[in-house]
Amino acid sequence: MLDGLVELAKEKTPRGFKRTLRDSAVIQSQVGYAEGQLQSARHFLLGSLEEIWRAVGRSGALTLDQRVRIRLASTYAIHQAKAVADMTHHAGGATSIFIESAFDRGFRDIHAVTQQLQGRQSHFETVGQFLLGHELDTTFL
């Protein structure tokens, strides 16, 4: 969706404006911030998985700490992707609401993921409980 916004911004001049979206300081800032969100979440997730994969290969076991980290990294990535999807959908304006747009399906898909088990915000509570030394319900770790 972010790539779709970048392409749209080169051509779209919103009604009542004289310049393209590309020339908007707001859009420029949002695109830059969104790129940081996605790259940070991606590196956190993939870096965590790579590190844990290697450790499990050496030890033969997945620890609770590693399970919590995987849950945190994956849920965090989902919610950062949702935030970017929301921004791009809004920034695309009326173009975003059409089924054939680069935004409509992606918007619906990421929102569906956040409604599924892997995207539950309650996972952040579980991570917080772990970090604060509480006993955990490990059902979804």
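Above this text is the structure in question.
Below is a summary of the structure that appears in this document. Remember, it's a predicted structure, so these values are computed and weren't measured experimentally. (Residues numbered from 1 in each chain as written. Predicted model: local features only at pLDDT ≥ 70, side-chain atom pairs only at ≥ 80, totals over all residues. Heavy atoms only, no water.)

1. A closer look at the pattern of salt bridges
Line of reasoning, step 1. Within the structure shown, the criterion is met by seven salt bridges.
Line of reasoning, step 2. Asp23 is the salt-bridge partner of Arg22, the closest N and O atoms lying 3.9 Å from each other.
Line of reasoning, step 3. Asp23 gets classed as partly exposed once you look at its relative accessible area, which sits at 32%.
Line of reasoning, step 4. A salt bridge links Asp86 to Lys82; the nearest nitrogen and oxygen atoms lie 3.2 Å apart. One end of the pair is Asp86 and the other is Lys82, both in helix H3 (residues 64-91) and four residues apart, which spans about a single turn.
Line of reasoning, step 5. Residue Asp86 is classed as partly exposed on the basis of its relative accessible area, which comes to 26%.
Line of reasoning, step 6. Its relative accessible area of 24% is what places Lys82 among the partly exposed residues. (Salt bridge = Lys/Arg side-chain N within 4 Å of Asp/Glu carboxyl O. Buried < 20%, exposed > 50% of the residue type's maximum accessible area, 1.4 Å probe, protein only. Helix = DSSP H or I, 4+ residues; strand = E, 2+ residues; numbered from the N terminus.)

2. Notes on helix H4 (residues 104-115)
Along an α-helix, a turn takes 3.6 residues, which lines up residues three or four apart on a common side.
Line of reasoning, step 1. The end-to-end C-alpha distance of H4 is 17 Å, a good match for the 16 Å that twelve residues give at a rise of 1.5 Å each.
Line of reasoning, step 2. Taken together, the buried positions of H4 are Asp104, Ile110 and Thr114. The buried residues of H4 occupy an angular sector of 145° when projected down its axis, which confines them to one face. What points out from H4, more than 90 degrees from its buried face, is the exposed set Arg105 and Gln115.
Line of reasoning, step 3. Those residues of H4 hidden inside the fold are in contact with H3. (Expected span 1.5 Å × (residues − 1). Arc of directions from axis to C-beta. Contact = heavy atoms within 4.5 Å.)

3. What to know about the environment of Leu21
Line of reasoning, step 1. As for its placement among the helices and strands, Leu21 is situated in the loop between helix H1 (2-11) and helix H2 (25-59).
Line of reasoning, step 2. Given a relative accessible area of 8%, Leu21 falls into the buried group.
Line of reasoning, step 3. In sequence terms Leu21 and Asp109 are 88 residues apart; their C-alpha atoms lie 25 Å from each other.
Line of reasoning, step 4. Here Leu21 is in contact with Leu8, Ala9, Lys12, Pro14, Ile27 and Ala91, once residues within four sequence places are set aside.

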